[in-house]
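# Chains, contacts and geometry: an overview
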Amino acid sequence: MNKVALITGINGQDGSYLAEFLLEKGYEVWGTIKRNSVAENQTSRLDEIYPQLLGKLQYADLTDLASLVSVIQQCKPDEIYNLAAQSHVRISFDQPIYTAQATGVGTLNLLEAVRLTKPDAKIYQASSSEMFGNNIDEDGFQRETTPMNPVSPYGCAKVYSYNICRNYRNSYGMFIANGILFNHESPRRGTNFVTNKVVKTAVEIKKGLRDKLTLGNLEATRDWGHAKDYVEAMWLILQQEIPNDFVCSTGISHSVQDLVEYTFNKLDLDWKQYVTTDAKYLRPEELKDLKGDSTKLRALGWKPNYTFETMIDEMIEYWMNEL
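Attention here is on the structure that accompanies the text.

Moving on, we get to the packing of helix H5 (residues 96–117) against helix H6 (residues 153–172). The N-to-C vectors of H5 and H6 enclose an angle of 15 degrees; their axes lie 8 Å apart at closest approach. Overall, the two elements H5 and H6 adopt an arrangement that is roughly parallel. The chirality of how H5 crosses H6 is right-handed. Residues Pro96, Thr99, Ala100, Thr103, Gly104, Val105, Thr107, Leu108, Leu111, Glu112 and Arg115 of H5 touch H6, and the partners they reach there are Pro153, Tyr154, Ala157, Lys158, Tyr160, Ser161, Ile164, Cys165, Tyr168 and Tyr172. Looking at the contact of H5 with H6, its residues break down into 13 nonpolar, five polar and three charged.

Next up, the structure:
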């Protein structure tokens with residue numbers, strides 16, 4: 001019998017790639033989505049696999065325990081991937097309470113729903129490099145043992161989720177694993193995230209549709225990988241005999257300015273003619289540098305297939321065709 005997987009937030013960037021990956025492995029895939037008043041846009045990332053998901057996409061919300069219990073009772077999952085969240089760091093400063101409820105307490109709601117209805121299900125929790133804040137080890141990397149000191153409501157909510165998962169794992173013997181994923185991007189990334197914002201706007205400038213790109217902190221560095229590589233890591237983490245916590249990263253960081261320069265150079269544009277900065281895009285407390293050490297995860301056999309450059313190339317190609 002095929003394994004059954006439930007993906008919360010299946011219509012997001014990660015959820016859509018993970019759904020495709022699991023379907024290729026023969027899983028029966030279910031997913032939760034939040035109701036949106038513009039229903040036509042809700043499942044656009046799932047267009048290619050939509051026929052395989054008919055009847056298996058359920059409205060649910062991490063802030064609504066009853067809805068989670070209902071979907072778990074319906075699909076009886078072997079594996080649960082909790083990818084739903086208010087996931088935009090800058091917006092978490094604008095909506096800190098909702099972020100705490102959805103991204104933090106929402107995880108607790110899911111754990112309780114699983115404990116009460118399907119305690120033998122394996123759970124993957126989408127943890128984040130934002131949990132480390134500006135703490136970084138002496139060698140310039142962040143790893144599983146690096147102290148967590150988040151600098152945003154989003155990061156704080158993710159630390160709560162991370163710790164409540166460890167607590168439930170230890171208290172109830174449930175299989176709950178944290179994947180501490182560093183930044184991961186793709187053409188499916190929301191265009192209010194810096195990578196896709198830079199790439200899409202640069203392509204628009206190339207095509208004469210815009211004349212400038214406005215950003216915040218150009219000096220911030222991030223460890224950027226491709227979402228397609230990272231969803232494979234999520235699956236691999238749940239295939240282990242003992243639940244554990246793993247950093248998922250490329251181990252190479254680039255600044256926002258590096259991202260801008262590479263993208264504009266690929267389009268034969270001088271970025272300095274088009275890029276400006278505005279303080280409104282700065283965070284109240286900035287996160288300066290992120291670079292992950294994924295040695296523990298790589299010992300399981302994982303490694304990224306994309307580089308920073310091939311990831312950006314794919315995003316440029318997507319927007320050149322889309323626009």
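Once the structure has been displayed, the description carries forward.
What follows is about the sheet that holds strand E2 (residues 28–33). If you walk across this open sheet you meet the seven strands as E3-E2-E1-E4-E5-E6-E11, and the pairing is parallel. Here the strands that pair on one side only, and so sit at the sheet edges, are strand E3 (57–59) and strand E11 (245–248). Neighbour-to-neighbour, the strand axes of the sheet open up by a mean angle of 20 degrees, direction not taken into account. Sheet topology note: the strand E1 (residues 4–8)/strand E4 (residues 79–82) ladder contains four bridges and is parallel. By the bridge assignment, Ala5 is partnered in E4 with Glu79. Against the sheet, helix H1 (residues 13–24) contacts E1, E2 and E4, and its axis sits at roughly 175 degrees relative to E1. Against the sheet, helix H3 (residues 65–75) contacts E1, E2 and E3, and its axis sits at roughly 160 degrees relative to E1.

Looking now at the pairing of E11. Residues Asp245 and Val247 line one face of E11 and the alternating positions Phe246 and Cys248 line the opposite face, and both faces are buried. Strand direction decides the pairing type here: strand E6 (residues 176–181) and E11, joined by four bridges, are parallel. Its bridge partner being in E11, Leu181 is matched across the sheet by Cys248.

Among the structural elements, Phe93 can be located in helix H4 (residues 89–94). C-alpha separation for the pair Phe93 and Leu287, spaced 194 residues apart in sequence, amounts to 13 Å. Residue contacts for Phe93: discarding those within four places in its chain leaves Val151, Ser152, Pro153, Arg283, Pro284 and Glu285.

This next bit is on the environment of Tyr50. Looking at the element boundaries, Tyr50 is found in the loop between helix H2 (39–42) and E3. Taking the C-alpha atoms as reference points, Tyr50 and Leu238, 188 residues apart in sequence, are found 25 Å from one another. Apart from residues no more than four positions distant in its own chain, Tyr50 is found in contact with Thr43 and Leu57.

With that out of the way, let us pick up the packing of helix H7 (residues 194–206) against helix H11 (residues 308–322). At a minimum axis separation of 9 Å, H7 and H11 run at an interaxial angle of 45 degrees. It follows from the interaxial angle that H7 and H11 lie oblique. For the pair H7 and H11, the sense of crossing is right-handed. Every residue of H11 that contacts H7 at Thr195, Asn196, Val199, Lys200 and Val203 is listed here: Ile312, Met315, Ile316, Trp319 and Met320. For the contact of H7 with H11, a count of residues per class yields seven nonpolar, two polar and one charged.

Of note, the phi angle at Lys76 is positive, near 45 degrees, even though the residue is not glycine. With respect to the element layout, Lys76 can be found in the loop between H3 and E4. Looking at Lys76, the relative accessible area reads 54%, which means it is exposed. With a phi angle near 60 degrees, Asp268 is a residue other than glycine that sits in the positive phi range. Its location among the elements puts Asp268 in the loop between helix H9 (256–266) and strand E13 (275–277).

As a further point, take H3. Where H3 is concerned, the buried positions are Ser67, Leu68, Val69, Val71, Ile72 and Cys75. Directly beyond the C-terminal end of H3, a positive phi value near 45 degrees is found at Lys76.

The next point concerns the side chain of Lys56. Structurally, the position occupied by Lys56 is in the loop between H2 and E3. No salt bridge is formed by the buried Lys56, whose closest oppositely charged neighbour, Glu28, lies at an N-O distance of 4.8 Å. Once residues lying within four places of it in the same chain are set aside, the contact partners of Lys56 are Glu28, Val29, Trp30 and Gly31.

What follows deals with the side chain of Glu130. By the secondary structure assignment, Glu130 is in the loop between strand E5 (122–128) and H6. Under the relative-accessibility criterion, Glu130 is labelled buried at 4%. With sequence-adjacent residues up to four places away left out, Glu130 is seen in contact with Val89, Pro150, Ser152, Tyr154, Gly155, Arg222, Arg283, Leu287 and Leu290.

What follows concerns the environment of Leu181. Relative to the elements of secondary structure, Leu181 occurs in strand E6. For the pair Leu181 and Val231, spaced 50 residues apart in sequence, the C-alpha to C-alpha distance is 9.8 Å. What Leu181 contacts, discounting residues up to four positions off in sequence, is Tyr124, Ser127, Ser128, Ser129, Tyr230, Met234 and Cys248.

What counts as what
Residues numbered from 1 in each chain as written. Predicted model: local features only at pLDDT ≥ 70, side-chain atom pairs only at ≥ 80, totals over all residues. Heavy atoms only, no water. Axes fitted to C-alpha atoms, helices over the stretch in contact; angles between N-to-C directions. Helix = DSSP H or I, 4+ residues; strand = E, 2+ residues; numbered from the N terminus. Parallel < 35°, antiparallel > 145°, perpendicular 65-115°, else oblique. Left-handed = near helix turned anticlockwise from the far one by under 90°. Contact = heavy atoms within 4.5 Å. Nonpolar A, V, L, I, M, F, W, Y, C, P; charged D, E, K, R; others polar. Pairing = 2+ DSSP bridges. Buried < 20%, exposed > 50% of the residue type's maximum accessible area, 1.4 Å probe, protein only. Lys, Arg positive; Asp, Glu negative; His and termini not counted. Salt bridge = Lys/Arg side-chain N within 4 Å of Asp/Glu carboxyl O.

Don't take any of this as a statement about function, it's just geometry.
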